[in-house]
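Coordinate inspection notes
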2 protein chains.
Amino acid sequence: MAYRPGEQYEHKEIDIASLPSKRIYPENSPVHKVGRPPKQKILDEFTGMVKETFFTDDPLRDFKGQTGSRKIILVLQSIFPILEWGRDYNLTKFRGDLIAGLTIASLCIPQDIGYAKLANLAPQYGLYSSFVPPLIYAFMGSSRDIAIGPVAVVSLLLGTLLQNEIDPVKNVAEYQRLAFTATFFAGITQAALGFLRLGFLIDFLSRAAIVGFMGGAAITIGLQQLKGFLGITNFTQNSDIISVMQSVWGTVHHGWNWQTILIAASFLVFLLLAKYIGKKNKKLFWVPAIAPMISVILSTFIVYITRADKQGVQIVKNIKKGINSSSVNEIYFTGKYLGTGIKIGVVAGMIALTEASAIGRTFASMKDYQLDGNKEMVALGLMNVVGSMTSCYVTTGSFSRSAVNYMAGCQTAVSNIVMSLVVLLTLELITPLFEYTPNAILASIIINAVISLIDIEAALLIWKTDKFDFIACMGAFFGVVFVSVEIGLLIAISISFAKILLQVTRPRTAILGNIPRTTVYRNVQQYPEASKVPGILILRVDSAIYFSNSNYIRERCLRWLTDEENQLKAKDQQRIQFFIMEMSPVTDIDTSGINALEELYRNLQRKGVQLVLANPGPVVINKLHASKFTELIGDDHIFLTVADAVMACAPKMEEEA
Amino acid sequence: MAYRPGEQYEHKEIDIASLPSKRIYPENSPVHKVGRPPKQKILDEFTGMVKETFFTDDPLRDFKGQTGSRKIILVLQSIFPILEWGRDYNLTKFRGDLIAGLTIASLCIPQDIGYAKLANLAPQYGLYSSFVPPLIYAFMGSSRDIAIGPVAVVSLLLGTLLQNEIDPVKNVAEYQRLAFTATFFAGITQAALGFLRLGFLIDFLSRAAIVGFMGGAAITIGLQQLKGFLGITNFTQNSDIISVMQSVWGTVHHGWNWQTILIAASFLVFLLLAKYIGKKNKKLFWVPAIAPMISVILSTFIVYITRADKQGVQIVKNIKKGINSSSVNEIYFTGKYLGTGIKIGVVAGMIALTEASAIGRTFASMKDYQLDGNKEMVALGLMNVVGSMTSCYVTTGSFSRSAVNYMAGCQTAVSNIVMSLVVLLTLELITPLFEYTPNAILASIIINAVISLIDIEAALLIWKTDKFDFIACMGAFFGVVFVSVEIGLLIAISISFAKILLQVTRPRTAILGNIPRTTVYRNVQQYPEASKVPGILILRVDSAIYFSNSNYIRERCLRWLTDEENQLKAKDQQRIQFFIMEMSPVTDIDTSGINALEELYRNLQRKGVQLVLANPGPVVINKLHASKFTELIGDDHIFLTVADAVMACAPKMEEEA
């Protein structure tokens, strides 16, 4: 589709008379000037900034122009979304939720028992945590697909952080109390972040870092399961690969139990097969979902019949019967463990939040509904606060169970209620049946579950698209695998921050050239056909000019000029007389930036080069005016486009001797 | 200057045949495609990034293609710039340096004695610090105008930080040792930052924050001088304005000494008058420069004659005669004060560096020579390391003395050598003469000196140009004045960082419209005449799309669309069918960013809106290809310019019922 000079562009269907027919200005028409937006009042400017930072989603939009009583209903509905969607709830939806709830319940019960062990807690605490928090979430949360409960990575992280403080074997009671304390403060952290609308803070952990961290955590968790898988009794407390491998090989001759290995290996094969079937045929998603429960039932039965526990196969022994007891009095609100609890809680809470918000967003986007991230955080936070008072440890959304929930056709958070009730029945009625469940089967179930956290495809894609991201990914991965979960996390955060700092200190700059037969100016490296304009250097600065990069930008500009001049000298060509700075990407400038521009202007003047600006944005032009920089370089050296600037500079060029 | 369609643009003097005559493509010519730069090898890409981050100035440029012996000379010259400029040194230059050196010496001697008190050290340490460090700097530094020595703000900062650890009155020896330790590590920090080419780290303190911090420090220092000025003996140790004012008013009836006040006030008037004269007539710059020395001589004489010290006028008493003794053995290299020393050293070293590098840059720019920031840091660092071993405390470039140095016509760092030798003579010969110098006169000299650190003009300019910068400025100012130097510094750094984080989490976005009779698309808020294209929403994203902002950008895009659709619905106009994202300012994208684009694409598809990209940059287009995003949206939905995209979309628009 080419369009013709001097003619209106024609199209039958719609009126596009307003579209530009030509770039060329009609003869003698004035060149367009750079616009200055109307000046905002300081207060407006400030509230605008605050609003954009904290209230991007305009949460009070619905409240505008409502009556008093209607507002109260809206407030209640916004705190308890169940009041909103509950009114449209019907049997069809319930059918979906019931099936989904039963499916995730059968998946979560064996996982819960295993994950509790990762957190160094007794098995019933895993079940407790799948009872209360999902109930709270169902009333307060707005995701329809997330499945709430204990998850592998958070359990591992919590376990590692807690055992650094208190020995979970020698001081069981204290350890538990610290776990509830951490859970309480994890909840407070989450709710506070949401309430203060600081949810964007979790965005500071880059996706690449999360991929690496998750992969590393999965390997660490998998390795720790070798204890149960091989039936080893003396196992290291450390989680790094070297300590674990030493434990494993050190016991190869007299510490492994072949009966355990037999059970573990055969059921792992069964679970992997089920997973494979589920992947091949999406309709059979329920096969991998109920496989863990079947494994538990079968293996328990086998052990009970064969009394393999007498042969050294370790079993769960006793899970306390009955529902959660209150743990309000166990939380440390004073004393030396308060600080520790807060610290661990903040870390675990943030990681849990990262996981939950990624899940929520993914499924909301798949079903095309909107989630209010900050409100979600308040819901997750309160769910953990209540959890900490009812013997639960930190819970969040589980990737694998949410996916099953989604595939099983869940419609609303009612599936979480169904799951919660099934867990309740389990706690009240059938926990004694788990007595003979071999630990080995739990190891197999966990290994099977965490395998899907290792996302090799994502890592490959990261490698292909962004090498720096890949470093972050691998840093986090190796940090977790070779040192510890905390170190991996620290590496992930540090590299993420380093990337941000790099971005703001070393912005890109590019020399522009004219694309033949157009007035378009583009990066000469990207468009080799673009040609430089003799006597004029056109440079695009690709970032806001702030204190963090203003010196660099000034120096880089001068270096571009020197390089260019040396080249021209070598070829004996016309010297540079105009330096056009394309400012389209310069979205903002601060006082240091203006200072740098002033210095640049003076440096250039001394070299006999005129600084010319093209297309400064609204904020920038206002600040340039306010600081009188426009007076310094002259209003006639600021243009709407590079093309205009070139057109204006060309006639002024002095002929060289 | 307008140019005509279909014609070559004509100009007599120069050949600009290569310039575009028209934006319109000749009939049937293909639309320009977005270019993909040749793919770099990973290693090249990585080294390119490292080079741009750490070696922006290409420090080895001069070494290329040189012989071995020449290289050695170049290395020596680069470590000791005196070897380079020393060869062109002549008598004319020396005349300038001699006069400048004598002038700054007369200015620095009284200041040094006063500043040593700010650091809670005996007066001779101020003089020591004006003897050794300037000598070292003269050989290693490359600034021609900077005047080295103790400065007010760093002295105050060091004093405050040190007295938090050790009482300077009760434990004089330990306090001194810690001061030398901090000085040693300040030097190590500076040299390391330079050597590791991490000098850009000091750019993270924004100019606005520095203006506020300096102003606050000046007020704090001025207030502390009230002790000497009013002759108060019992004075608070705290530096905040409230404690100081309580001390001052609490002693008004029986603690003030009128003789002291008389001396202090009259000489302060004299100094201010001298400063005023110097400002009015730039040729009389030497009047304010020698006024402090004259005040010292006169006041000392007056006190000696009248024996005013018997009337309660406090005098300096004794300054130890002789040059610096070695303090190598006094530095704590082990023990509990090592860590404290490192901590204080790092902070003081960074602040000193900020001051020195600002001065160096300012004067280099005024005389138009280049400074290698990283090499300067190494020079400053080694000067402090040597200083710490010869009884000096942290020194850096002084703003006021450097300005005098410049105005007195200094040519090279030899003026520092001259100053250093004058200080040497002072130490060896005339320190006993300072015995009767009243403390009040030192207070007047310091008050007079720090007044110029309060830069109200700069603060006003900051207010006018950038409100956020102003908050940083005032935060630092009030932090220093009302709490303490450390808190002020902490506030300054925090606000600076908050600004960076805000920049990377909440980038700007803007709706573009067509500027009448052109193919230029600009922000409709900045150019009210720009008109939106019916059925098409054009949005410019003003930042690299990174993990820290990818979710925000996606959500913001959708919100723009919703807002626009609601408006259109209200007016019953054509619905949006194309969403053009102008990517010129999007300089980079990472995996999270691509993810967000994919999600955005899917969200839009579901609404029946096609995503179209305009002008992705070289890095971005390569990554979009690598991640197969281009395949997802289709290569034919990526255009070189917004105008091209609009032209291509318009015919495809479906007529609405």
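Bear in mind the structure is a predicted one, so any value in this text is a computation, not a measurement. (Residues numbered from 1 in each chain as written. Chains lettered and ligands numbered in written order. Predicted model: local features only at pLDDT ≥ 70, side-chain atom pairs only at ≥ 80, totals over all residues.)

Moving on, we come to the overall build of chain A. Of regular secondary structure, chain A possesses 26 helices and 8 strands. Its C-alpha atoms give chain A principal-axis dimensions of about 105 × 65 × 60 Å. Per-residue burial for chain A yields a buried fraction of 54% across its 657 residues. Within chain A, contacts between residues at least 6 apart in sequence are counted, and of these 80% link residues at least 24 apart. (Helix = DSSP H or I, 4+ residues; strand = E, 2+ residues; numbered from the N terminus. Buried ≥ 20, exposed ≤ 12 C-beta atoms within 10 Å, placed from the backbone. Contact = placed C-beta atoms within 7 Å.)

Further remarks concern helix α4 (residues 91–118) of chain B. Residue and element names in this part refer to chain B. Counted at 1.5 Å a residue, the expected span for α4 with its 28 residues is 40 Å, and the 39 Å between its end C-alpha atoms agrees. Remark: the principal bend of α4, roughly 30 degrees, maps to D112. A positive backbone phi angle near 60 degrees is found at N120, which sits one or two residues after α4. (Expected span 1.5 Å × (residues − 1). Bend = angle between axes of the 7 residues up to and from the residue.)

As assigned here, chain A comprises domain 1 (89–501) and domain 2 (507–652). Just the C-alpha atoms count here: the centres of domain 1 of chain A and domain 2 of chain A sit 54 Å apart. (Domains from an automatic or database assignment.)

So, on to helix α15 (residues 373–388) of chain B. Count 3.6 residues to each turn of an α-helix, and residues three or four apart come out pointing the same way. The end-to-end C-alpha separation of α15(B) is 22 Å, in line with the 22 Å expected for 16 residues at 1.5 Å each. α15(B) sits mainly inside the fold: 15 of its 16 residues count as buried.

Our focus in this paragraph is the pairing of strand β6 (residues 578–582) of chain A. Residue and element names in this part refer to chain A. Taking burial as the measure, the 5 residues of β6 include 5 buried ones, the bulk of the element. A two-sided burial pattern is seen for β6, the buried positions comprising F578, I580 and E582 on one face and F579 and M581 on the other. Taken together, the 5 bridges between β6 and strand β7 (residues 610–614) define a ladder with parallel strand orientation. Considered in β7, the bridge of F579 is made with L611. Handedness of the crossover is the feature at issue here: the chain leaves β6, passes through helix α23 (residues 591–606), returns alongside β7, and the resulting connection is right-handed. (Pairing = 2+ DSSP bridges. Right-handed = clockwise from strand over helix to strand, strands pointing away.)

It is worth spelling out the sheet that holds strand β5 (residues 536–541) of chain A at this point. Ordered in space as β4-β3-β5-β6-β7-β8 (chain A), the 6 strands form an open sheet in which the pairing is mixed. Each edge of the open sheet is held by one strand with a lone partner, namely β4 (521–523) and β8 (638–639) of chain A.

Turning our eyes to something else, we now look at the confidence of the model for chain A. As a note on interpretation, predicted positions should not be read in detail where pLDDT is low. Residues and elements named next belong to chain A. Within chain A, residue pLDDT values average 85, and 92% of them lie at 70 or more. Across chain A, strand β1 (residues 148–149) holds the top mean pLDDT of 96, while helix α1 (residues 42–54) sits lowest at 72. Across residues 1–30, where pLDDT falls below 50, the model places 67 contacts with residues more than four positions away in sequence or in other chains. Two numbers describe this predicted complex: its pTM, 0.75, and its ipTM, 0.77. (pLDDT = per-residue confidence, 0-100.)

Turning our attention to the sheet that holds strand β4 (residues 521–523) of chain B. Residues and elements named next belong to chain B. Spatial ordering of the open sheet is given by β4-β3-β5-β6-β7-β8, a layout of 6 strands whose pairing is mixed. The open sheet has two edge strands, β4 and β8 (638–639), and neither has a second partner. As paired strands, strand β5 (residues 536–541) and strand β6 (residues 578–582) are joined by 5 bridges and run parallel to one another. Residue R540 lies in a different strand from β6, and its bridge partner there is E582. The strands that helix α26 (residues 642–649) touches are β3 (509–514), β4, β5, β6, β7 (610–614) and β8; relative to β6, the one it contacts most, it runs at about 170 degrees. (Axes fitted to C-alpha atoms, helices over the stretch in contact; angles between N-to-C directions.)

The next thing to look at is the environment of A209(A). Mapped onto the secondary structure, A209(A) falls in helix α9 (residues 207–224). It is 28 Å that separates the C-alpha atoms of A209(A) and G126(A), two residues lying 83 residues apart in sequence.

For the rest of this paragraph, the subject is unusual backbone geometry. In this structure, K628(A) is a non-glycine residue whose phi angle is positive, near 65 degrees. Residue position: K628(A) is located in the loop between α24 (618–626) and α25 (629–633).

Our focus in this paragraph is the packing of helix α13 (residues 286–306) of chain B against helix α18 (residues 439–451) of chain B. Two packed helices can be described by the angle between their axes and the distance between those axes. All names here are of chain B. In the contact formed by α13 and α18, the axes pass within 10 Å of each other and the chain directions differ by 165 degrees. Classified by the interaxial angle, the pair formed by α13 and α18 is roughly antiparallel. Helix-helix and strand crossings are classified by hand; for α13 and α18 the assignment is right-handed. Residue-level contacts link P292, S295, V296 and S299 of α13 to I441, S444 and I445 of α18. Class assignment of the residues belonging to the contact of α13 with α18 gives a composition of 4 nonpolar, 3 polar and no charged. (Parallel < 35°, antiparallel > 145°, perpendicular 65-115°, else oblique. Left-handed = near helix turned anticlockwise from the far one by under 90°. Nonpolar A, V, L, I, M, F, W, Y, C, P; charged D, E, K, R; others polar.)

Our focus in this paragraph is the environment of I73(B). Residue and element names in this part refer to chain B. Summarising the element assignment, I73 is placed in helix α2 (residues 68–79). Accessibility expressed as a C-beta count within 10 Å gives 13 for I73, which makes it partly exposed. Considered as a pair, I73 and L83 are 10 residues apart in the sequence and their alpha carbons are 9.1 Å apart.

Further remarks concern the environment of F55(A). The topology assignment puts F55(A) in the loop between α1 and α2 (68–79). A tally of 14 C-beta atoms within 10 Å means that F55(A) is categorised as partly exposed.

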